Amino acid sequence: MNKSELINAVAGKAQVSKTEAERIMNAFISVVNENISVEGGIRIMGFGTLGVVERKARNGRNPITGQPITIESRNAPVFKASKELREAANRLPED
């Protein structure tokens, strides 16, 4: 499912126009982008937790030349699914 398919599905479930659903989806994405690095992340009951972890600097190798390189430390986004979401992912689709 891509973003426009998700917007259409949300519009149908919420019984709002596609334009309104798109505006809400864009606002949600904006709020997540602005607040993902807050302490404890963003917790949505029944869905999961969005947060950031620090990846430490490490040694690596250039795959083309084989020369050793240093990969700098960085922050990476992470998502931990809730129990409900994990259970939904393991349900068999209905025929």
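Look up a bit, the structure's there.
Here we look at the pairing of strand 4 (residues 68–71)
- Here strand 3 (residues 58–61) runs beside strand 4; their pairing, made up of four bridges, is antiparallel. Residue pairing for strand 4: Asn59 is matched across the bridge by Thr70.
- What sits between strand 3 and strand 4 in their antiparallel hairpin is a turn of six residues, with Gly66 showing a positive phi close to 80 degrees.

What about the side chain of Ser82?
- Inspection of the secondary structure puts Ser82 in the loop between strand 5 (74–81) and helix 3 (83–90).
- In this structure Ser82 touches Gly46, Phe47 and Gly48, once residues within four positions along its chain are discounted.

Describing the sheet that holds strand 1 (residues 42–44)
- The antiparallel open sheet is built from three strands, whose spatial order is 1-2-5. The outermost strands of the open sheet, each flanked by one partner alone, are strand 1 and strand 5. Within the sheet, the average angular offset between the axes of one strand and its neighbour, ignoring direction, is 25 degrees.
- Two elements, strand 1 and strand 2 (residues 48–55), share three bridges in a ladder whose sense is antiparallel. Its bridge partner lying in strand 2, Ile44 is registered against Gly48.

About the criteria used
- Residues numbered from 1 in each chain as written.
- Predicted model: local features only at pLDDT ≥ 70, side-chain atom pairs only at ≥ 80, totals over all residues.
- Heavy atoms only, no water.
- Pairing = 2+ DSSP bridges.
- Helix = DSSP H or I, 4+ residues; strand = E, 2+ residues; numbered from the N terminus.
- Contact = heavy atoms within 4.5 Å.
- Axes fitted to C-alpha atoms, helices over the stretch in contact; angles between N-to-C directions.

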